[in-house]
Amino acid sequence: MAIRCPEGCRDLLPDEAAYWERFASIARDVFSKYEYVSIYTPMIEQTELFVRGIGEATDVVSKEMFAAISGKNMEKLLEGEKIRSKSRLSLRPEGTAGVVRAIVQHDLVPDGAPPVKLMYAGPMFRAERPQHGRQRQFNQIGVECLGSADPTVDAEAIIMLMAFYERIGIESSMMRLLINSMGCGKCRPAYRELVHDYLSQNVDSLCDACKVRMEANPLRAFDCKEDGCKQVMSDAPKITDHLCEECSQHYAKVKGLLSSQGIEFVEDPALVRGLDYYTRTVFEVQATQGIGAQDAIGGGGRYDDLSKEIGGRSMPGFGFALGYDRCMLYLREKGMEFEPAKRCDVFVASVNDEVRDSAFELVQMCRYSDLRAEMDHQSRSLKSQFKLADKLDARVVVILGPDELARGEVKVRDMESHEESLVDKNEAVAAILDVLR
Ligand code: AMP
């Protein structure tokens, strides 16, 4: 059988590829109003970055990372030899850790400098069980702002994300914004203990995974989808009742700023999100009109300790990521169709094989003049070349015939008005441009 796309991955065929590019360019446009600029970081990073940054006890790191390994190192491992920790690489499961690593490595926020605001767009990889809306390779667009703990950073990023959704056609009535505060290094440890104690009192009702989580990372139990655990967690102590004064004020300020701009949100004290690095604000945007269980179309939060965690100096940060594939799923379920990418300005048709070299020359001249141009590459009949020109949506067809060429002329046909004219072959590009104008 022919080889197929790997499980949990999908091809973005040309019409969708054009849409993805437009999607990313809308994001760039919206985010640039807030002074976010692009960064590209590698798709592979040292595994240690994710272990230290995202947290060893998270599902993303403990179960879902793809190792990236050279053939040579694979041989070493199979022979039971050790490989250097620098050579232990993983495909990035998310974008934040790599961007923060780059900011630290290149000192993009020197002491006293204004915050840096970066955006990225590209594929992430998680070895999850594929299902509707959940892939192993998926595209995310995200932003990171490093260097300020001010609640204005949190609020403006959330407002900006909601503006992006509206621009791509997901209206506010089609989504729900959930927010919470996760506290900080000062107030969270005591809260974590409280949740741990609460879980141990209810251990008999927990699933096996939560019994393990209870010790390693008790707050993860809020994410469990098992009915018994959900029941237990609905009465668990709420983080928002245990925030320190600073976190409480920070949270109140973020909510106030969102409300001041008319952004509706729902406070959800059980929202902990899947990665360990969050402090204070966390948020998630969910599709409300049903795309199944995988309804989160974006989310993020503050991570004031992440930079230090990966070996940099202490630097507060805030970011989010939105899932392209799930937004697409949502929009398509709502009836959106991909517009076929507009393809061709001019098609150069050859009456017979004799004139194909001239066709090649003319099609190149068109391209050098910035036109989208195509010719026949299969010695097709004139009739089927016209069909192809139609399919490519060519506005102009130039017909090269041996008799006309012998007189130094070519025929230029406007495919909209169906008007044809004979022009000097050296004037062909100018005549095409005239029609296009
Ligand atoms: P996260 O990095 O887990 O906060 O995810 C941010 C967004 O990326 C989610 O809201 C989803 O829209 C999307 N996403 C995360 N994991 C997947 C996946 N396995 N397949 C498709 N989209 C995903």
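My aim in this report is to walk through the structure given alongside it, one point at a time.

About the criteria used
- Residues numbered from 1 in each chain as written.
- Predicted model: local features only at pLDDT ≥ 70, side-chain atom pairs only at ≥ 80, totals over all residues.
- Heavy atoms only, no water.
- Helix = DSSP H or I, 4+ residues; strand = E, 2+ residues; numbered from the N terminus.
- Rg over C-alpha atoms; globule rule 2.2 N^0.38 Å.
- Buried < 20%, exposed > 50% of the residue type's maximum accessible area, 1.4 Å probe, protein only.
- Contact = heavy atoms within 4.5 Å.
- Areas by Shrake-Rupley, 256 points an atom, 1.4 Å probe, with all protein chains shown as cover.
- Lys, Arg positive; Asp, Glu negative; His and termini not counted.
- Charge placed at Lys NZ, Arg CZ, Asp CG, Glu CD.
- Pairing = 2+ DSSP bridges.
- Axes fitted to C-alpha atoms, helices over the stretch in contact; angles between N-to-C directions.
- Parallel < 35°, antiparallel > 145°, perpendicular 65-115°, else oblique.
- Left-handed = near helix turned anticlockwise from the far one by under 90°.
- Near = heavy atom within 4 Å.
- Polar contact = N/O pair within 3.5 Å; in protein donor to acceptor, adjacent residues only side chain to side chain.
- Nonpolar A, V, L, I, M, F, W, Y, C, P; charged D, E, K, R; others polar.
- 1 Å grid on protein atoms, 1.4 Å probe; cavity = no way out; pocket = protein on both sides within 12 Å on 5 of 7 lines; lining within 4 Å.
- Points joined across faces, edges and corners; volume = space filled by probe spheres on them.
- Core = buried A, V, L, I, M, F, W, Y, C linked by side-chain atoms within 4.5 Å.
- Patch = residues over 30% accessible without salt bridge, like charges linked within 9 Å, V, L, I, M, F, W, Y side chains within 5 Å.
- Salt bridge = Lys/Arg side-chain N within 4 Å of Asp/Glu carboxyl O.

**Focus on the overall build of the chain**
For step 1, the next point in the chain: In terms of regular secondary structure, the chain is built from 16 helices and 16 strands.
For step 2, the next point in the chain: Relative to the 2.2 N^0.38 estimate, which gives 22 Å for 437 residues, the radius of gyration of the chain is 28 Å and therefore markedly larger than a compact globule would have.
For step 3, the next point in the chain: Principal axes of the C-alpha set define a box for the chain whose edges measure 95 × 60 × 45 Å.
For step 4, the next point in the chain: For the chain, the proportion of its 437 residues judged to be buried stands at 48%.
For step 5, the next point in the chain: Sequence-distant contacts, at least 24 apart, represent 70% of the contacts inside the chain between residues at least 6 apart.
For step 6, the next point in the chain: Of the accessible surface of the chain, which amounts to about 22100 Å², a share of 49% is contributed by carbon and sulfur atoms.
For step 7, the next point in the chain: Considering the chain, the positive charge centre built from 56 side chains and the negative charge centre built from 70 side chains are found 3 Å apart.

**Observations regarding helix H5 (residues 96-105)**
For step 1, the next point in the chain: Most of H5 is tucked away: eight of the 10 residues are buried.
For step 2, the next point in the chain: Along H5, the residues that are buried comprise Thr96, Ala97, Gly98, Val99, Val100, Arg101, Ala102 and Ile103.
For step 3, the next point in the chain: Against the buried residues of H5 lie strand S2 (44-46), helix H2 (47-54), strand S5 (116-125), strand S6 (137-146) and helix H11 (306-309).
For step 4, the next point in the chain: In the segment just after H5, Asp107 is the residue with positive phi, at about 50°.

**Overview of the sheet that holds S2**
Strand pairing in a sheet relies on backbone hydrogen bonds, with the paired strands running either antiparallel or parallel.
For step 1, the next point in the chain: Pairing in this open sheet of three strands is antiparallel, and the strands run S2-S4-S3 from one edge to the other. Edge positions in the open sheet fall to S2 and strand S3 (67-68), since each of these has one partner strand only.
For step 2, the next point in the chain: The pairing of S2 with strand S4 (residues 89-91) spans three bridges and is antiparallel. Within the sheet, the bridge partner assigned to Glu45 lies in S4 and is Ser90.
For step 3, the next point in the chain: Contacts from H2 reach S2 and S4 within the one sheet, and its direction differs from that of S2 by about 75°.

**Regarding the packing of helix H13 (residues 356-368) against helix H16 (residues 428-436)**
For step 1, the next point in the chain: Contact geometry of H13 with H16 gives a least axis separation of 10 Å together with a crossing angle of 55°. Considering their axes alone, H13 and H16 lie oblique with respect to each other. Crossing hand, H13 versus H16: right-handed. Residues Leu362, Met365 and Cys366 of H13 lie in contact with H16, whose contacting residues are Ala428, Val429 and Ile432.

**Focus: the site of the ligand**
For step 1, the next point in the chain: Taken together, 14 residues sit near the ligand, with Arg126, Glu128, Gln135, Arg273 and Ala296 positioned nearest.
For step 2, the next point in the chain: A distance of 2.8 Å is found between a nitrogen atom of the ligand and a backbone nitrogen or oxygen belonging to Gln135.
For step 3, the next point in the chain: Contact between the ligand and Ala296: an oxygen atom at 2.9 Å from a main-chain N or O atom of the residue.
For step 4, the next point in the chain: Coverage of the ligand by the protein amounts to 92% of the 480 Å² it exposes when considered alone.
For step 5, the next point in the chain: Where the shell around the ligand is concerned, the elements lending two or more residues are S6, strand S10 (296-302) and strand S11 (317-323).
For step 6, the next point in the chain: Counting residues per element, the shell around the ligand draws most heavily on S10, at three residues.
For step 7, the next point in the chain: Here the shell around the ligand is composed, by residue class, of four nonpolar, five polar and five charged.

**Here's the deal with the layout of surface pockets**
For step 1, the next point in the chain: Its boundaries defined by the atoms lining it, the second largest pocket holds a volume of some 360 Å³.
For step 2, the next point in the chain: Residue lining of the second largest pocket: 24 residues in total, with Arg188, Asp276, Tyr277, Tyr278 and Glu309 positioned closest to the centre.
For step 3, the next point in the chain: Top contributing element to the lining of the second largest pocket by residue count: H2, with four residues.
For step 4, the next point in the chain: Per-class residue counts for the lining of the second largest pocket are 11 nonpolar, five polar and eight charged.

**As for the environment of Asp304**
For step 1, the next point in the chain: Tracing the backbone through its elements, the reader meets Asp304 in the loop between S10 and H11.
For step 2, the next point in the chain: By relative accessible area, which is 14% here, Asp304 ends up buried.
For step 3, the next point in the chain: When the C-alpha atoms of Asp304 and Ser314 are compared, they prove to be 7.5 Å apart, with 10 residues separating the residues in sequence.
For step 4, the next point in the chain: Leaving out residues up to four positions away in the same chain, Asp304 has contacts with Thr279, Arg280, Ser314, Met315, Pro316 and Gly317.
For step 5, the next point in the chain: A distance of 3.2 Å separates the side chain of Asp304 from the backbone nitrogen of Gly317, its partner in a polar contact.

**As for the nonpolar core**
For step 1, the next point in the chain: Formed by 103 residues in total, the largest nonpolar core has its most connected members in Phe23, Phe31, Ile141, Phe164, Tyr165, Ile170 and Leu322.
For step 2, the next point in the chain: Broken down by element, the residue count for this core peaks at 11 residues, all from helix H6 (residues 151-168).
For step 3, the next point in the chain: Listed in part, the 21 residues of the second largest apolar core include Val346, Ala373, Met375 and Leu405.

**Section: a positive patch on the surface**
For step 1, the next point in the chain: Positive charge collects at one region of the surface, where Lys72, Lys76, Arg84 and Lys86 lie side by side.
For step 2, the next point in the chain: When you line up the elements, Lys76 lands in helix H4 (residues 71-78).

**Re the sheet that holds S6**
For step 1, the next point in the chain: Pairing is mixed across the open sheet formed by eight strands, whose spatial order is S1-S5-S6-S11-S10-S9-S7-S8. In this open sheet, the two strands that pair with only one neighbour each are strand S1 (37-38) and strand S8 (266-267).
For step 2, the next point in the chain: Taken strand by strand, helix H1 (residues 14-32) contacts S1, S5, S6 and S11, and its axis lies near 10° from that of S6.
For step 3, the next point in the chain: Across the face of the sheet, H6 comes into contact with S5, S6, strand S7 (175-181), strand S9 (279-287), S10 and S11 while running at roughly 15° to S11.

**Section: the pairing of S7**
For step 1, the next point in the chain: Across the seven residues of S7, six count as buried, placing the element largely inside the fold.
For step 2, the next point in the chain: Where S7 lies against S9, seven bridges are found, and the strand directions are antiparallel. Bridge pairing in S9 links Leu177 to Val285.

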